[in-house]
Amino acid sequence: MPKRSERVIDYSVYLNAVDYLGTATATLPEITYLVDTIKGGGIAGEMAAPSPGYTGAMSLALKWRTIESAAASLLAPKVHSLDLRASIQTFDTATSEYREVPFKVTVRARPLGLTLGNLETGAAMDTTNNFSVNYLKVTLDGVQVLEIDKYNYIHKVYEVDYLAATKQNLGL
């Protein structure tokens, strides 16, 4: 029987891989390929054709319970290197044992804005940083499953770089 992923046990946010910023609810980047509709001879109708390795804009949102000094410092107009580290609980159905596996998302991101949130007695403020992401690396249980580096023409899925031929053809 397979191992089942169950939940995120806990997670933290780090700046430059070492500075602990705290725990924020993170809305991770959505990866979508750039798509063009093709039609014509040899195609019965229309078809969406993705451009392998070319992705749409990626974003990251970090929502803090209250205003944090980290939230304010991340508004500095420069690229920030952020690590989101989590421990994911899995369950092995064959052995009936729990196991925790590491999950890490690394981004290089530019601030787009800061929402200070709400002031309400006895409630979270929901202060939110929003970022534009130009680099993304996802590691699950010690295996690099995804790496996207828009400026360096890298689009790896399980170590296969789908932009290697493009980079070679462009002489990069």
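Reading the values: the criteria
- Residues numbered from 1 in each chain as written.
- Predicted model: local features only at pLDDT ≥ 70, side-chain atom pairs only at ≥ 80, totals over all residues.
- Heavy atoms only, no water.
- pLDDT = per-residue confidence, 0-100.
- Helix = DSSP H or I, 4+ residues; strand = E, 2+ residues; numbered from the N terminus.
- Patch = residues over 30% accessible without salt bridge, like charges linked within 9 Å, V, L, I, M, F, W, Y side chains within 5 Å.
- Areas by Shrake-Rupley, 256 points an atom, 1.4 Å probe, with all protein chains shown as cover.
- Salt bridge = Lys/Arg side-chain N within 4 Å of Asp/Glu carboxyl O.
- Buried < 20%, exposed > 50% of the residue type's maximum accessible area, 1.4 Å probe, protein only.

Enquirer: For this particular structure, what's the right way to read the confidence of the model for the protein?
Expert: On average, residues of the protein score 93 in pLDDT, and 99% of them reach the 70 mark or higher. Within the protein, strand S10 (residues 143-149) carries the highest mean pLDDT (98), whereas helix H1 (residues 69-73) carries the lowest (88).

Enquirer: Looking at this structure, I do not really get a nonpolar patch on the surface. What am I missing?
Expert: A surface patch of nonpolar side chains, amounting to about 220 Å² of accessible area, comprises Ile38, Ile43 and Met47. Mapped onto the secondary structure, methionine 47 falls in strand S5 (residues 46-55). Given a relative accessible area of 45%, methionine 47 falls into the partly exposed group.

Enquirer: How should I be thinking about the pattern of salt bridges in this particular structure?
Expert: For side chains bearing opposite charge, pairing can occur when the charged atoms are close. The final tally for this structure, using the stated rule, is 7 salt bridges. Aspartate 83 is paired through a salt bridge with arginine 85; the nearest N and O atoms lie 3.5 Å apart. For aspartate 141, the salt bridge is made with arginine 99, and the minimal N-O distance between the two is 3.1 Å. In this pair, aspartate 141 sits in the loop between strand S9 (127-140) and S10 while arginine 99 sits in strand S8 (residues 97-115), placing the two residues 42 residues apart along the sequence.

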